[in-house]
Amino acid sequence: MIRRDPRAERDAMVVSRTPRLRLDRTHRGGTLLAPAGAPVTAPTPIHIAEPTFLEFAVIEAAGGALNRHDRQVIGAARTLAGRDAAVVVLTPPLAAQAPDAIGTAGGDRTITLPTPTYDPERNAQLIAQAIIDHAPRHVVFPESADGGDLARRVAALTDAVLFAGAESLTPTQVIRPAQAGRVELRATPPRLISIAPDRIAPYHGTPHAADPLPAPDVAATPGGIRAATTLAVDAATIPLDQAPLVIAAGNGVTDFAGFLDLARALGATPGASRVVCDAGALPRALQVGASGTVLNAECYIALGISGAPQHLQGIGTVEHIVAINTDLHAAIIARAGLAIIADAQDVMQALRAML
Amino acid sequence: MNIIVLLSAGRDPHAGTPRPVPVELQAIALALRLAPATTITGLHAGEPDPSVLDALGHGLTTLTLLLTNPANDPLAALAAEIDRARPDLVLAGRRGRGGTDSGLLPYRLARARAMPIAADAIAIEPDGNDLAILQSLPRGARRRLTLARPAIVTIHEAAPPARAFAYRARRNGTIHEKPGIPAPSPTDNHEIRPYRQRPRLIAETTQPTTAGHLMLAPTPETAAAAVLAYVEQFRRR
Ligand SMILES: Cc1cc2nc3c(=O)[nH]c(=O)nc-3n(C[C@H](O)[C@H](O)[C@H](O)COP(=O)(O)OP(=O)(O)OC[C@H]3O[C@@H](n4cnc5c(N)ncnc54)[C@H](O)[C@@H]3O)c2cc1C
């Protein structure tokens, strides 16, 4: 039988002795923290100067910024690359602040595809040329509408098979559903892989340093897509679960005509909490939450909503939340990226006047 | 306009029994808006699968079957038939449902026949010598494309609904059977297992990742300006 030594155990738990004694009882090791007030230095980015091989990540970067799926694609390429290989991110031109975003997401190099308008045929040619130039082990695409289309064009152009819609990925195995989702196919990762959304984790480690590489050089040939225009959509007609920007009214809103007018002016899709729908102030179809619609929005504006658990379930994946509430202690305030303690009616009127 | 609709052997996702792929039936409905039924042909390379024959009950009047082993690569047989029939437009579903389901075949066919291809159409109209296509994008967005003829177009689930099944039409439809071109399928050594549901990543955003910005009792104007600035930041994505 081993006797316990409480003094030695306690000493092993000491995190700091000044300004006061702090113990770590979760047994994560007794490393001494820097004393409070010491400058926190950002970790130096990882620089892979001489990669053993390359991995490609082709991202969509709609609007010049990375979305969740893009970060997952870079994360997948990072997983395949390990520590010694470099991830080359092929991207449309990014907004000014974004090269940093590529390094944070786990990319080591960027190749900017100089395609000013929607032209998947030209992009596929450029990517096929980059594959010839750099001979990456794998090329990872997002299995999204445009990303999946581009992946298949590249596969057809390079005469390769595409492992479409992978749901699990490790350096030695990829898995995807087939036969109407009744079976799954497992294989060692082939060259071209597209990954399903929200399946493969993005990279969260120390940021990498992303250096630019020259764009591939191919003569442009006239394609079969003669013209392309993206049409403006009326936000009110977008189904609530697909809407990118949702503005919702809760029990703190009294002027519902003004609310709908504001939603129209803002180009946002209107939503509501259950209390409002129960009262009949807004139609049931607008209800956000566990027993209503689960949103996939980028941005959510909550007016006079307390943020009950059933409501928060409906906005679980929304990254950017604005809450306007008179109660500082409402649950939604803790969840919001921008919390405003003010009367919803006044802010609504001021917003409407500004648009 | 001469239209070919590519049909694949579909399977029911739950029962596994033969069942047509819904988007392919929507493709037939879309073709019927463009041209009379007599100029529309269904095309399948493989065995006379009941799911393919059932397409005749959904508005198709003729079906060409290129008899090959279903395990073969259908590309060569389909390409040869397209060379012979010279269609103005080839329609396909965006993905099969019952085979490898990779959605790659229309793209390989487009490459083999040097035809342009566009994905996820919900409406098609002739536009002079070209085709005007309305494409469905995520988040309810739409894009209009002009495509040179002849072209391959894949159909999105948001396209108009398929025609209802009519048993008499299914019985009276014409089926042309021809020998296909046997070709080994591009070998990939896959291991096949029953599908296992894996969790999606959602945990990442259910907690606030960064400390939010808090404004205590601002004037309505400053509050409104802050909201607009915050929203504009994420608007253009
Ligand atoms: C089984 C079950 C399922 C449910 N499903 C859902 C669901 O799907 N969706 C859903 O939303 N709810 C759902 N609920 C109800 C949920 O529990 C809450 O009751 C509801 O979400 C509360 O709505 P609210 O925030 O609008 O109202 P309240 O909780 O009344 O909150 C009103 C908020 O407005 C603020 N406020 C008041 N006046 C003003 C003002 N002038 N300006 C600004 N702010 C003001 C208050 O401070 C308060 O925070 C469900 C409940 C159950 C039991």
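Worth saying up front: this structure is predicted, and the values here are computed from it rather than measured.

(A) A look at the overall build of chain B. When its secondary structure is counted, chain B shows 7 helices and 11 strands. Radius of gyration (C-alpha) of chain B: 23 Å, far over the 18 Å computed for a compact globule of 237 residues. Along the first, second and third principal axes, the C-alpha set of chain B runs to 75 × 50 × 35 Å. In chain B, the proportion of contacts linking residues at least 24 apart, taken out of those at least 6 apart, comes to 67%. Total accessible area on chain B stands at roughly 11,500 Å², and carbon and sulfur atoms take up 53% of it. For chain B, the distance from the average site of its 28 positive side-chain charges to the average site of its 21 negative ones is 2 Å.

(B) Main features of a nonpolar patch on the surface. Taken together, the side chains of Leu-328 of chain A together with Leu-214 and Leu-216 of chain B make up a nonpolar region of the molecular surface, amounting to roughly 270 Å² of accessible area. With respect to the helices, strands and loops of the structure, Leu-214 of chain B is situated in strand β11 (residues 213-216).

(C) Representation of the interface of chain A and chain B within the structure. Each partner contributes residues to the interface: chain A has 90 residues there, and chain B has 78 residues. Between chain A and chain B, the buried area comes to about 7,000 Å², and carbon and sulfur atoms account for 58% of it. Taken together, the links from chain A to chain B amount to 5 salt bridges. Across the salt bridge formed by Arg-139 of chain B and Glu-298 of chain A, the nearest N and O atoms sit 3.6 Å from each other. Applying the counting criterion to the chain A and chain B interface returns 33 residue pairs in polar contact (both at pLDDT 80 or more).

(D) Quick look at the site of the ligand. All names here are of chain A. Around the ligand sit 25 residues, and of these Ser-273, Ser-291, Ser-306, His-311 and Asn-325 come closest. One of the side-chain N or O atoms of Ser-273 is found 2.5 Å from an oxygen atom in the ligand. Here an oxygen atom of the ligand and a backbone polar atom of Gly-304 are 3.0 Å apart. Contact with the protein chains covers 71% of the free accessible surface of the ligand, which is 980 Å². Elements with a contribution of two residues or more to the shell around the ligand: α7 (274-278), α8 (309-313) and α10 (344-354). Looking at the shell around the ligand residue by residue, the classes come out as 7 nonpolar, 15 polar and 3 charged.

(E) Broad picture of the pattern of salt bridges. Applying the stated rule across the entire model yields 28 salt bridges over all chains. In this structure, the salt-bridge partner of Arg-153 of chain A is Asp-149 of chain A, at a minimum N-O distance of 3.0 Å. Remark: Asp-149 of chain A and Arg-153 of chain A occur in helix α5 (residues 145-158); sequence separation between them is 4 residues, near one turn of the helix. Take Asp-149 of chain A: its relative accessible area is 3%, and that puts it in the buried class. We note a salt bridge from Asp-73 of chain B to Arg-108 of chain B, for which the minimum N-O separation is 2.9 Å. Here the residue Asp-73 of chain B occupies a position in the loop between β3 (62-67) and α3 (75-85), and Arg-108 of chain B occupies one in helix α4 (residues 105-112), the gap between them amounting to 35 residues. A network of salt bridges, in which partner residues are shared, links Glu-143 and Arg-152 of chain A together with Arg-95 of chain B.

Scoring rules and cut-offs
- Residues numbered from 1 in each chain as written.
- Chains lettered and ligands numbered in written order.
- Predicted model: local features only at pLDDT ≥ 70, side-chain atom pairs only at ≥ 80, totals over all residues.
- Heavy atoms only, no water.
- Helix = DSSP H or I, 4+ residues; strand = E, 2+ residues; numbered from the N terminus.
- Rg over C-alpha atoms; globule rule 2.2 N^0.38 Å.
- Contact = heavy atoms within 4.5 Å.
- Areas by Shrake-Rupley, 256 points an atom, 1.4 Å probe, with all protein chains shown as cover.
- Lys, Arg positive; Asp, Glu negative; His and termini not counted.
- Charge placed at Lys NZ, Arg CZ, Asp CG, Glu CD.
- Patch = residues over 30% accessible without salt bridge, like charges linked within 9 Å, V, L, I, M, F, W, Y side chains within 5 Å.
- Salt bridge = Lys/Arg side-chain N within 4 Å of Asp/Glu carboxyl O.
- Buried area = accessible area lost by both parts, 1.4 Å probe.
- Polar contact = N/O pair within 3.5 Å; in protein donor to acceptor, adjacent residues only side chain to side chain.
- Near = heavy atom within 4 Å.
- Nonpolar A, V, L, I, M, F, W, Y, C, P; charged D, E, K, R; others polar.
- Buried < 20%, exposed > 50% of the residue type's maximum accessible area, 1.4 Å probe, protein only.

Purely spatial values, then, with no claim about function.
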